[in-house]
Amino acid sequence: MKQSPHRSPQAAHKAQRASRKPQRQVPEARPRPTGAVAARTRLGDRWHSWLGHHREMAVEALRRFFSAPLASGMTALVIAIALALPAALQLGLLNFQRAVAGWDGQPQISVFLHKDARDTAVQSFAGELRADPAVAEVTYISPEEALREFQQASGLGDALTGLGANPLPAVLLVRPRDTASDRLEALAGQLRDSALTDAVVLDMAWVQRLAQLTELGRRLSAGLALLLALGVLLVVVNTIRLHIESRREEILVVKLVGGTDAFVRRPFLYSGLCYGVAGGLLAWLLVSGGAALLSGPVSALASSYDSGYALRGPGFSYLLALTGGAALLGLLGAWVAVARHIKAIEPR
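Residues numbered from 1 in each chain as written. Predicted model: local features only at pLDDT ≥ 70, side-chain atom pairs only at ≥ 80, totals over all residues. Heavy atoms only, no water.

What to know about the overall build of the chain
The helix and strand inventory of the chain stands at eleven helices and four strands. Sequence-distant contacts in the chain: of pairs separated by 6 or more residues, those separated by 24 or more amount to 82%. (Helix = DSSP H or I, 4+ residues; strand = E, 2+ residues; numbered from the N terminus. Contact = heavy atoms within 4.5 Å.)

Structure representation (structure tokens):
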């Protein structure tokens, strides 16, 4: 091989060694497959997609709710009236219990003492009762005071004046702390065991009537709440059924492209939730307005009896209870409607 006049012997030697090395072949590019390709979606992407669709459906449900304010408002008002009736009854029952708790006619035990009981022994016995933790108050009525009260109450003052001696004994009026029936009976039995006691009278009739009235109100409120909750469910079911029928073509298209029942169900569930929340808020406003209208007459009636009682309206707890309960009823009604009617819409 002839060397170039311009190339040094070292450069020529390197070029000769490079020409002897085997050339590396570049692999040919594989053709990309055509058609559908299976891809694996990460769990985080699925979570973000699920949250995004929920957010989108919630906004869409609110938009549809306010796009027809008259129809939506009438449905929410029907739900509010159905919820306001048992809520008002429950609030009235709570106010009745508050009024009775502050009433002066709390249960008391009348302890009639022996005629020959000494005043020092009676005062000592009354002091022991006042120290008893089961007793709230003890009032001593002397025989003279008892005679005067009887004369004023019966109108037989002239007839009693002719009596040579006072026939009435001294009385201790004991007001217990606990008004439970078993505790009252136990305290009355303890008072009967005293040597100074001649008779013990415990008037349980009005206590039992009060307990029966309270229980009657509770059961009536619970029964009315169950019936009207069923009415709210029927209203929501019928409303969501109309929504499903009006969007039948849209549901068919979604199912044709592979949409699942959960995907189709989601916007209707948010619509039922919107109706429930709106109905609960309106129900709280109705109960609050009724309490505000009645607070003035109730305060005037209480002041005529020298009482500072005031009607208590529904507070924040009532707002949470009504709104949360109505939201659950709306969601349940929408679920029932969708589960019943969505499977009947299938593409052919």
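So, the packing of aromatic side chains
Using the criterion set out here, one finds two aromatic pairs in the structure. With a centroid separation of 5.2 Å and 85 degrees between ring planes, the pair formed by F65 and F66 is classed as edge-to-face. By relative accessible area, which is 13% here, F65 ends up buried. Residue class for F66 comes out exposed when judged on its relative accessible area of 60%. Ring geometry for F65 against Y275: centres 5.4 Å apart, planes inclined by 70 degrees, an arrangement best described as edge-to-face. (Phe/Tyr/Trp six-rings, centres within 6.5 Å; stacked < 30°, edge-to-face > 60°. Buried < 20%, exposed > 50% of the residue type's maximum accessible area, 1.4 Å probe, protein only.)

A few points about the packing of helix α9 (residues 248–256) against helix α10 (residues 261–304)
In the contact formed by α9 and α10, the axes pass within 10 Å of each other and the chain directions differ by 150 degrees. Between α9 and α10, the angle falls in the class roughly antiparallel. When you trace α9 past α10, the crossing you get is right-handed. Packed against α9, whose contacting residues are I251, V254 and K255, the element α10 presents D261, F263, V264 and F268 at the interface. Looking at the contact of α9 with α10 residue by residue, the classes come out as five nonpolar, no polar and two charged. (Axes fitted to C-alpha atoms, helices over the stretch in contact; angles between N-to-C directions. Parallel < 35°, antiparallel > 145°, perpendicular 65-115°, else oblique. Left-handed = near helix turned anticlockwise from the far one by under 90°. Nonpolar A, V, L, I, M, F, W, Y, C, P; charged D, E, K, R; others polar.)

Looking at the nonpolar core
Counting 36 residues, the largest nonpolar core has L83, V232, I240, I244, I251 and F268 as its most contacted members. Listed by contribution, the elements that provide at least two residues to this core are α2 (43–67), α3 (69–101), α8 (205–246), α10 and α11 (316–341). Formed by 20 residues, the second largest nonpolar core is a distinct cluster that contains I109, A170, L187 and L191. (Core = buried A, V, L, I, M, F, W, Y, C linked by side-chain atoms within 4.5 Å.)

Details of the pattern of salt bridges
Where charged atoms from two side chains of opposite charge come close, those side chains can pair. Per the stated rule, a full pass over the model turns up six salt bridges. With its nearest N and O atoms 3.1 Å apart, the salt bridge here joins E60 to R64. Pair noted here: E60 and R64 are both in helix α2, with a separation of four residues, about one helical turn. The class for R64 is partly exposed, based on a relative accessible area of 32%. E250 is the salt-bridge partner of R247, the closest N and O atoms lying 3.1 Å from each other. (Salt bridge = Lys/Arg side-chain N within 4 Å of Asp/Glu carboxyl O.)

Things to note about the side chain of S110
With respect to the helices and strands, the residue S110 is situated in strand β1 (residues 109–113). By relative accessible area, which is 17% here, S110 ends up buried.

A word on a negative patch on the surface
On the surface, D119, E144, E145 and E149 cluster together into a negatively charged patch. With three residues, the top contributor of residues to the negative patch is helix α5 (residues 143–154). Mapping E149 onto the fold places it in helix α5. (Patch = residues over 30% accessible without salt bridge, like charges linked within 9 Å, V, L, I, M, F, W, Y side chains within 5 Å. Areas by Shrake-Rupley, 256 points an atom, 1.4 Å probe, with all protein chains shown as cover. Lys, Arg positive; Asp, Glu negative; His and termini not counted. Charge placed at Lys NZ, Arg CZ, Asp CG, Glu CD.)

Here's the deal with helix α7 (residues 181–192)
Think of an α-helix as turning once every 3.6 residues; residues three or four places apart then point the same way. Over its twelve residues, α7 runs 17 Å from end to end, which matches the ideal 16 Å to within 8%, given 1.5 Å per residue. Buried-residue contacts for α7 involve β1, α4 (119–131), β2 (135–141), β3 (171–176) and β4 (197–202). (Expected span 1.5 Å × (residues − 1).)

As for the sheet that holds β3
Spatially, the four strands line up as an open sheet ordered β2-β3-β1-β4, and their pairing is antiparallel. For this open sheet the edge positions go to β2 and β4, each flanked by a neighbour on one side alone. Shown here is a sheet whose adjacent strand axes are inclined to one another by a mean of 20 degrees, direction ignored. Bridge count for β1 against β3 is four bridges, and the pairing is antiparallel. Counted as the bridge partner of I109 is V174 from β3. Relative to β2, α4 is tilted by about 160 degrees, and along the sheet it contacts β1, β2, β3 and β4. The strands touched by α7 within the sheet are β1, β2, β3 and β4, with β4 carrying the most contacts at an inclination of about 165 degrees. (Pairing = 2+ DSSP bridges.)

Digging into the pairing of β3
Bridge analysis of β2 against β3 gives six bridges, and the strand direction is antiparallel. Residue pairing for β3: T139 is matched across the bridge by L173.

What about a nonpolar patch on the surface?
Together, L77, I81, L85, L282, L285 and L286 make up an exposed nonpolar region whose accessible area comes to about 510 Å². Of all elements in the fold, only α3 and α10 reach the threshold of two or more residues within the nonpolar patch.

Thoughts on the side chain of D132
As for its position among the elements, D132 is in the loop between α4 and β2. One buried charge, D132, has no salt-bridge partner; the nearest side chain with opposite charge is R177, at 7.6 Å. Beyond its immediate chain neighbours, meaning those up to four positions away, D132 contacts L187 and Q190.

Purely geometric numbers; function is a separate question.
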